[in-house]
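Overview (structure and organization)
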Amino acid sequence: MDISFRKLPGNQHEITVTGRRGPDVRLPAQPTGPTVPHDLAHAAVEEALGITDGFWGAMAAGATFQGFEPTGPSRHRRSGLKVLRRGGDAVMAAEMAVNWAYRAWSGLPVTGRGVGRPPLGEAELERARTALDAASARWTELPEGAALTWRWR
């Protein structure tokens with residue numbers, strides 16, 4: 001599966017996903033945020049930690065998440081929901097791991113009231129930080145209008 005993150009004007013990006021089980025999909029223009037697109041952070045951290053059943057693993061298996069729309073005519077709307085029903089817990093666990101790694105990488109608090117137990121050990125966190133550094137460098141170097149293509153295994 002190929003994930004194309006296109007850098008748009010005004011700190012926006014869009015995503016196109018091809019070669020997955022189910023129809024090709026796209027996420028129309030979204031705010032990028034202060035560093036990298038959230039879904040690019042997912043790709044980097046999930047790959048670095050070997051998470052195959054998280055957000056992008058579910059997407060590869062045919063899940064369709066809110067905001068993503070088929071790029072052409074499709075009959076597979078309900079099959080994407082089945083993927084999420086079967087693997088929703090793993091997707092949520094990946095979401096927690098990626099968000100925590102991103103917070104730590106960004107210098108945001110990861111301890112204290114309301115933060116909870118860390119979902120990653122030090123070795124995992126270091127791999128995630130390295131992956132986020134590399135993804136951020138690739139995104140920063142990307143000229144406006146160009147796309148960064150991520151090949152999901």
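The coordinates are above.
Below or above, wherever it landed, is the structure these notes cover. Predicted, not measured: the structure shown is a model, and the values here were computed from it.

1. Here's the deal with the side chain of His-13
You can see His-13 is positioned in strand 2 (residues 12-18). Within polar-contact distance, the side chain of His-13 engages the side chain of Thr-32 at 3.1 Å. What His-13 contacts, discounting residues up to four positions off in sequence, is Arg-6, Leu-8, Pro-28, Ala-29, Gln-30, Pro-31, Thr-32, Pro-37 and Trp-139.

2. Digging into unusual backbone geometry
The backbone phi angle of Asn-11 is positive, close to 55°, even though this residue is not glycine. With respect to the helices and strands, Asn-11 occurs in the loop between strand 1 (2-8) and strand 2. Asn-11 sits in the partly exposed class, given a relative accessible area of 47%.

3. Things to note about helix 1 (residues 38-49)
The terminal C-alpha atoms of helix 1, which comprises 12 residues, lie 16 Å apart, in line with the 16 Å expected from a rise of 1.5 Å per residue. Within helix 1, nine of the 12 residues are buried, which leaves it mostly tucked inside the rest of the structure. Along helix 1, the positions that sit buried rather than exposed are Asp-39, Leu-40, Ala-41, His-42, Ala-43, Ala-44, Val-45, Glu-46 and Leu-49. Residue Gly-50 follows helix 1 closely and has a positive phi angle near 70°.

4. Here's the deal with the sheet that holds strand 2
One open sheet holds the five strands; their spatial order is 4-3-2-1-5, and the pairing between them is antiparallel. Bordering the open sheet on either side are strand 4 (69-70) and strand 5 (147-151), each of which pairs with just one other strand. Judged from the five bridges that link them, strand 2 and strand 3 (residues 25-31) form a sheet pairing that is antiparallel. When the sheet's bridge partners are listed, Thr-16 is paired in strand 3 with Arg-26. Strands in contact with helix 1 are strand 1, strand 2, strand 3 and strand 5; relative to strand 5, the strand with the most contacts, it is inclined by about 30°.

5. Let's talk about the packing of aromatic side chains
All told, the structure shown has five aromatic pairs when counted by the stated rule. Ring geometry for Phe-5 versus Trp-56: centroids 6.3 Å apart, planes at 80°, classification edge-to-face. Of this pair, Phe-5 sits in strand 1 while Trp-56 sits in helix 2 (residues 55-60), and the two are 51 residues apart along the sequence. For the residue pair Phe-5 and Trp-56, the accessibility class agrees, reading buried in each case. Seen in terms of ring centroids, Phe-55 and Trp-56 are 4.7 Å apart; in terms of plane orientation they differ by 85°. Their pairing is edge-to-face. As far as the burial class goes, Phe-55 and Trp-56 line up, both buried. Chaining the aromatic ring pairs together yields one cluster made of Phe-5, Phe-55, Trp-56, Phe-65 and Phe-68. A cation over a ring is seen here: Lys-7 above Trp-139, with NZ or CZ 5.2 Å from the ring centre. The ring of Trp-152 carries Arg-153 above its face, with NZ or CZ at 4.2 Å from the centroid.

About the thresholds
Residues numbered from 1 in each chain as written. Predicted model: local features only at pLDDT ≥ 70, side-chain atom pairs only at ≥ 80, totals over all residues. Heavy atoms only, no water. Helix = DSSP H or I, 4+ residues; strand = E, 2+ residues; numbered from the N terminus. Polar contact = N/O pair within 3.5 Å; in protein donor to acceptor, adjacent residues only side chain to side chain. Contact = heavy atoms within 4.5 Å. Buried < 20%, exposed > 50% of the residue type's maximum accessible area, 1.4 Å probe, protein only. Expected span 1.5 Å × (residues − 1). Pairing = 2+ DSSP bridges. Axes fitted to C-alpha atoms, helices over the stretch in contact; angles between N-to-C directions. Phe/Tyr/Trp six-rings, centres within 6.5 Å; stacked < 30°, edge-to-face > 60°. Lys NZ or Arg CZ within 6 Å of the ring centre and 35° of its normal.

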